[in-house]
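Overview (structure and organization)
Here is how the chains run, residue by residue.
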Amino acid sequence: MNLIRLWSILSSPVALLAFWPIGPVACAGDVERGRYLVEALTACDNCHTPRGAAGYDFSKRFAGGPQTFADKTYVVRGPNISSDVETGVGAWTDEDLRAAIVDGVGRNYRLAPVMPSDSYKPLTPRDLDAIIAFLRSAAPVHAPLQAPQQRSSEWTPRPMPGAAAAFDEGSLAENSARGLRGLYVASLARCMSCHSEEIDGAPDYQNRLGAGGKVFRNPAGVAVASNITSHPTKGVGAWSDDELKRAITDGVSRDGTSLKPPMSTLAKAHFSKMSADDLDALVAWIRTIPPKE
Ligand code: HEC
Ligand code: HEC
């Protein structure tokens, strides 16, 4: 082959493509879709991003959460999930990350149930990859986790009924009118894991879905999760769609007063970013929860 011919091959668009560097950063997931899911629904920052006076400290995004979660069997903190190789998850494969996010599998142990993998189980393969792509797009932050850790693998997974396995992208689009998307949004945003009454420390989705009663203690005080079933007086059955949407996205109750944390903080930092379609689907789905006292 003479030199001129070699040059014309190398400079052709096909040859250029062949030499274009494709590193591990070029993950298949859609980063902007991942940003939407993380910011509006799954709220990973809530437990994995440090906070300053004005809310999340995004200069250290995903470097580890401020809260220590303690229960009978565990004492854990949201670890560094930034792409730092040494102290974060930069060295994890996509497969490792998928296992942590939807199956609660950690480095060489089962993650404590505070990591809400059960709620993330319905993620479609495309949405799960989008979340991973978004995680990898954030700057690596070097921040070792010092908190003492203790955990037990003795716990039963409790996904929401109908949301225990990955949804299929096609049926999610087709069946939106039938509430599948509403259930998807409710599971990813963990509405029912807070708003269902607990039995033995786990939400009783079978009998007490949406009935409320779980108690939250934080520096701001105590809040009890409300009954958001369609009961006309005990629940939100008599609320208008707009009143429900305002509570979800602005953290404002029906009578105009501010809701307490964690609802108000999640509403402002996350649920306010929900798309109109997802919010409509969610509200329609909440209306299908049978009334409970
Ligand atoms: C309600 C709090 C909470 C939310 C929300 C949350 N996590 Fe976690 N996550 C945790 C805790 C706590 C752990 C550590 C559990 C343990 O050590 O047993 C954890 C562990 C992990 C791990 C394993 C890291 C390691 O070093 O072992 C990954 C990966 C992870 N979370 C990703 C995510 C992603 C992605 C999201 C959002 C889609 C998310 N988490 C949402 C609390 C949370
Ligand atoms: C981390 C727990 C948590 C999550 C997640 C959560 N909530 Fe809440 N929610 C609460 C608590 C606690 C209250 C009560 C706040 C108060 O008393 O001021 C509340 C209040 C509400 C109210 C007001 C009800 C009333 O009677 O005033 C509505 C409506 C509501 N939540 C809907 C939702 C929906 C829908 C989602 C999912 C998008 C959701 N919540 C996610 C904890 C949570």
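Small disclaimer: the values here were computed from a predicted structure and weren't measured.

Digging into the coordination of the iron atom of ligand 1
- Taken together, the protein donors to the iron atom of ligand 1 comprise His48 (NE2) and Met115 (SD), at separations of 2.0 to 2.2 Å.
- Judged by relative accessible area, which is 21%, methionine 115 ranks as partly exposed.

Examining the pairing of strand E8 (residues 221-224)
- With four bridges connecting them, strand E7 (residues 215-218) and E8 associate as antiparallel partners. Within the sheet, the bridge partner assigned to arginine 217 lies in E8 and is valine 222.
- Hairpin connection, E7 to E8: the antiparallel pair is bridged by two residues.

Some words on the coordination of the iron atom of ligand 2
- Distances from the iron atom of ligand 2 to its protein donors, namely His195 (NE2) and Met263 (SD), fall within the range 2.0 to 2.3 Å.
- Coordination at the iron atom of ligand 2 comes from six donor atoms whose angles at the metal span 87 to 179 degrees, giving a geometry best classed as octahedral. Within this pair, whereas histidine 195 is found in helix H10 (residues 191-195), its partner methionine 263 is found in helix H13 (residues 263-269), the two being separated by 68 residues in sequence.

Re the site of ligand 2
- The environment of ligand 2 is made up of 25 residues, and the closest members are Cys191, Cys194, His195, Lys260 and Met263.
- A distance of 3.2 Å separates an oxygen atom of ligand 2 from a polar atom in the side chain of serine 253.
- Taking lysine 260, its main chain carries an N or O atom lying 2.7 Å from an oxygen atom of ligand 2.
- For the shell around ligand 2, the elements supplying multiple residues, two or more each, are H10, E8, helix H12 (241-250), H13 and helix H14 (276-286).

Criteria and thresholds
- In this numbering scheme, every chain counts its residues from 1 along its sequence in written order.
- Each chain is given a letter, starting from A, and each ligand a number, starting from 1, according to the order in which they appear as written.
- The model is predicted, so local features are restricted to residues of pLDDT at least 70 and side-chain atom pairs to those at 80 or more, both for listing and for counting; the totals for chains, interfaces and linings are taken over all residues.
- As a convention, hydrogens and water are excluded, and side-chain values are obtained from all of the structure's heavy atoms.
- Donors, by definition, are the N, O and S atoms found within 2.8 Å of a metal, the threshold being 3.2 Å for Na, K and Ca, and water is not counted, so a site can look incomplete.
- Here the term buried applies to any residue with accessible area under 20% of the maximum for its type, exposed to any over 50%, and partly exposed to those in between, with areas from a 1.4 Å probe on protein chains only.
- Any two strands with at least two DSSP bridges between them are considered paired.
- Counting from the N terminus, the helices are the DSSP runs of H or I reaching at least four residues and the strands are the DSSP runs of E reaching at least two.
- Square planar and octahedral assignments, for four and six donors respectively, both demand that opposite donors be over 155 degrees apart and that all other angles lie between 65 and 115; tetrahedral needs four donors with all angles between 85 and 135 degrees, and anything else is irregular.
- Each residue is tested against the molecule or strand, and it is near if at least one of its non-hydrogen atoms lies within 4 Å.
- Any pair of N or O atoms that falls within 3.5 Å is considered a polar contact. Within protein, one atom must be able to donate a hydrogen and the other to accept it, and sequence-neighbouring residues count only if both atoms are side-chain atoms.

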